[in-house]
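# Summary of structural features
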Amino acid sequence: RHGAVKNEDTFKTSPFHFDLWLYFTLQNWVLDFGRPIAMIILPLEWFPLNKPSAGDYFHMAYNVITPFLLLKLIERSPKTLPRSMVYVSIIMFVMGASIHLVGDSVNHRLIFSGYQHHLSVRENPIIKNLKPETLIDSFELLYYYDEYLGHSMWYIPFFLILFIYFTGCFTPVEEESRMPVPALLLMGPSSLYYWYLVTEGQIFILYIFTFFCCMEVVHVQGVKCPRFGDIDHTRVLLPENFVIPQPNHPNSNEDQRYDEGVEEKKPIAVWVVWLWDDKILRKKYPGVIYIPEPWAFYTLHMNNLHAAKESL
């Protein structure tokens, strides 16, 4: 039953799961953030264009390890959570991440043929000259599976699982709990990774929506239970890191919670302001919400820089 406390002692908080948070941080940086870097750095002779790249193998490992870590995380929840929803979310997550693996693999390999991620599919020089023109539709379908369907089926269940876990992290405590030192050390790398996740994944709306849902949970739980524990244990992994002071704490108020949320958005804000006047990226990402992808920035600016160096 969702909300049932596992421990008989309702005033005993669960320990900080340093092993899980460390594994999450490492696999996020190595297997997710590191996969395109590995594809670029390693010699092309090792991974021919008609074979999976090093980044693809990183992605495969991510698709196996991350669901396992999410399940272990749910198992350690202080409260019993809705298992059926968790299992369906895990299945959707694996499907979405696998779809993204295929689309992302082809799109990244196209860079070696001159594909430019800062342009739309039809504007790319190597695509718009294809014959017959129906092949362009096939590449647009590939892009749709990669950037839209794959991302949606990957990130929505991922954030849903984290939100479900978050709702189970409120248990009564006798004394004020403090965030463990290992958690503080992991918050920096985790925060920077979520900048990459939000910008490259183009999931800002999902990110903010999840954040405000968790804010509402904190408000409701604060009314029901003036002192609660275990919430600090979620700061390392969850979006926005949810560094939210405990309600009814003598030094806690709504303004503080708001300030904390703004503090965690700074990397994204700096990224947007820095590229605000980039006309080419503006064309690629029209609309009110303008958050360019790091990979598009690379093919527009950094890739040209590498080509200039090679010509010297």
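Numbering of residues starts from 1 in every chain and runs along the sequence as written. Residues qualify for local features only when their pLDDT is at least 70, as the model is predicted, and side-chain atom pairs are given and counted only at 80 or more; totals for whole chains, interfaces and linings, by contrast, use all residues. In computing side-chain properties, one takes all heavy atoms of the structure into account and sets aside hydrogens as well as water.

## Focus: the overall build of the chain
- Counting its regular elements, the chain contains eleven helices and two strands.
- Residue exposure (1.4 Å probe, protein chains only): buried if accessible area is under 20% of the type maximum, exposed if over 50%, otherwise partly exposed. For the chain, the proportion of its 312 residues judged to be buried stands at 49%.
- Contacts between residues were defined by any pair of non-hydrogen atoms, one from each residue, lying within 4.5 Å. Put simply, 76% of the contacts in the chain that link residues at least 6 apart link residues at least 24 apart.
- Each accessible area is a Shrake-Rupley estimate made with a 1.4 Å probe; only the visible protein chains count as cover when residues are assessed. For the chain, the accessible surface area stands at approximately 15900 Å², while carbon and sulfur atoms represent 65% of it. The helix count covers DSSP runs of H or I at least four residues long, the strand count covers runs of E at least two residues long, and both are numbered beginning at the N terminus.

## Regarding the packing of aromatic side chains
- The pairing test for Phe, Tyr and Trp rings, Trp by its six-membered ring, is centres within 6.5 Å, and the orientation test on the planes gives stacked under 30 degrees, edge-to-face over 60, and tilted for anything in between. Under the counting rule described, the total for this entry stands at 22 aromatic pairs.
- Taking the centre distance of 5.0 Å and the plane angle of 65 degrees together, the rings of W29 and F33 count as edge-to-face. Residue W29 and its partner F33 are located together in helix 1 (residues 18–41), separated by four residues, close to a single helical turn.
- The partly exposed category is assigned to F33, whose relative accessible area is 24%.
- Measuring from centroid to centroid gives 4.6 Å for W154 and Y155, while their planes differ by 15 degrees, and the two rings are stacked. For the pair shown, W154 and Y155 are each scored as buried.
- The ring of W276 has R282 lying over it, and the distance from NZ or CZ to the ring centre is 4.0 Å.
- The positively charged end of R282 is found above the aromatic ring belonging to Y290, 4.1 Å away from the centroid. Only when the NZ of Lys or the CZ of Arg is both within 6 Å of the ring centre and within 35 degrees of the ring normal is a charge said to sit over the ring.

## A look at the UniProt feature "transmembrane region" (unreviewed entry) in the chain
- UniProt positions are given in the numbering used here, feature names are shortened, and annotations may be inferred rather than shown by experiment. Per the UniProt entry, the sites bearing "transmembrane region" (unreviewed entry) are residues 20–42, 57–74, 86–103 and 154–173 in this numbering.
- Along residues 20–42 one finds 96% helix and 0% strand; the C-alpha atoms at either end are 29 Å apart.
- Here residues 57–74 is 100% helix and 0% strand, with 26 Å between the C-alpha atoms at its ends.

## Some points on the pattern of salt bridges
- Salt bridge, as used here, is a side-chain nitrogen of Lys or Arg placed within 4 Å of a carboxyl oxygen of Asp or Glu. Applying the stated criterion across every chain yields a total of eight salt bridges.
- Across the salt bridge formed by K72 and E75, the nearest N and O atoms sit 3.2 Å from each other. Here the residue K72 and the residue E75 both occupy positions in helix 2 (residues 54–75), the gap between them amounting to three residues, near one helical turn.
- Judged by relative accessible area, K72 falls into the partly exposed class, the value being 27%.
- Judged by relative accessible area, which is 43%, E75 ranks as partly exposed.

## Quick word on unusual backbone geometry
- The step from K131 to P132 runs through a cis peptide bond, and the omega angle for that step is -5 degrees.
- Here P132 shows up in the loop between helix 4 (125–128) and helix 5 (134–167).
- Positive phi values are uncommon outside glycine, yet Q202 reaches one of about 55 degrees.
- Along the chain, Q202 turns up in the loop between helix 6 (181–201) and helix 7 (204–224).

## Things to note about the environment of I41
- When you line up the elements, I41 lands in helix 1.
- I41 sits in the exposed class, given a relative accessible area of 63%.
- Distance in space between the C-alpha atoms of I41 and A54 is 9.6 Å, their sequence separation being 13 residues.

## Quick notes on the environment of I74
- With respect to the helices and strands, the residue I74 is situated in helix 2.
- In this structure, the C-alpha to C-alpha distance between I74 and I161, residues 87 residues apart in sequence, is 8.3 Å.

## Brief notes about the side chain of H108
- Relative to the helices and strands, H108 is located in helix 3 (residues 83–109).
- Given the relative accessible area of 8%, H108 is considered buried.
- We define a polar contact as two N or O atoms separated by no more than 3.5 Å, with the added condition that, inside protein, one atom must be a possible hydrogen donor and the other a possible acceptor, whereas residues neighbouring each other in sequence contribute only through side-chain atom pairs. Only 3.4 Å separates the side chain of H108 from the side chain of W295, close enough to count as a polar contact.
- Those residues within four positions of H108 in sequence are excluded, and the remaining contacts are R35, P36, M39, H117 and W295.

## Some points on the packing of helix 3 against helix 5
- Every axis corresponds to a line fitted to the C-alpha atoms, with the helix fit spanning only the stretch in contact, and the corresponding angles, defined between N-to-C directions, vary from 0 to 180 degrees. Packing of helix 3 against helix 5 leaves a shortest axis separation of 7 Å and a crossing angle of 150 degrees. With respect to helix 5, the element helix 3 is oriented roughly antiparallel. Helix 3 and helix 5 meet at a crossing whose hand is left-handed.
- Its residues assigned to classes, the contact of helix 3 with helix 5 shows 20 nonpolar, seven polar and two charged. Orientation is classified from the angle alone, with under 35 degrees giving roughly parallel, over 145 giving roughly antiparallel, 65 to 115 giving roughly perpendicular, and any other angle giving oblique. Left-handed is the label given to a crossing in which the near helix is rotated counterclockwise from the far helix by less than a right angle, and right-handed is the label when the rotation is clockwise. Lys, Arg, Asp and Glu make up the charged group, whereas Ala, Val, Leu, Ile, Met, Phe, Trp, Tyr, Cys and Pro make up the nonpolar group; the residues left over, Gly among them, are polar.

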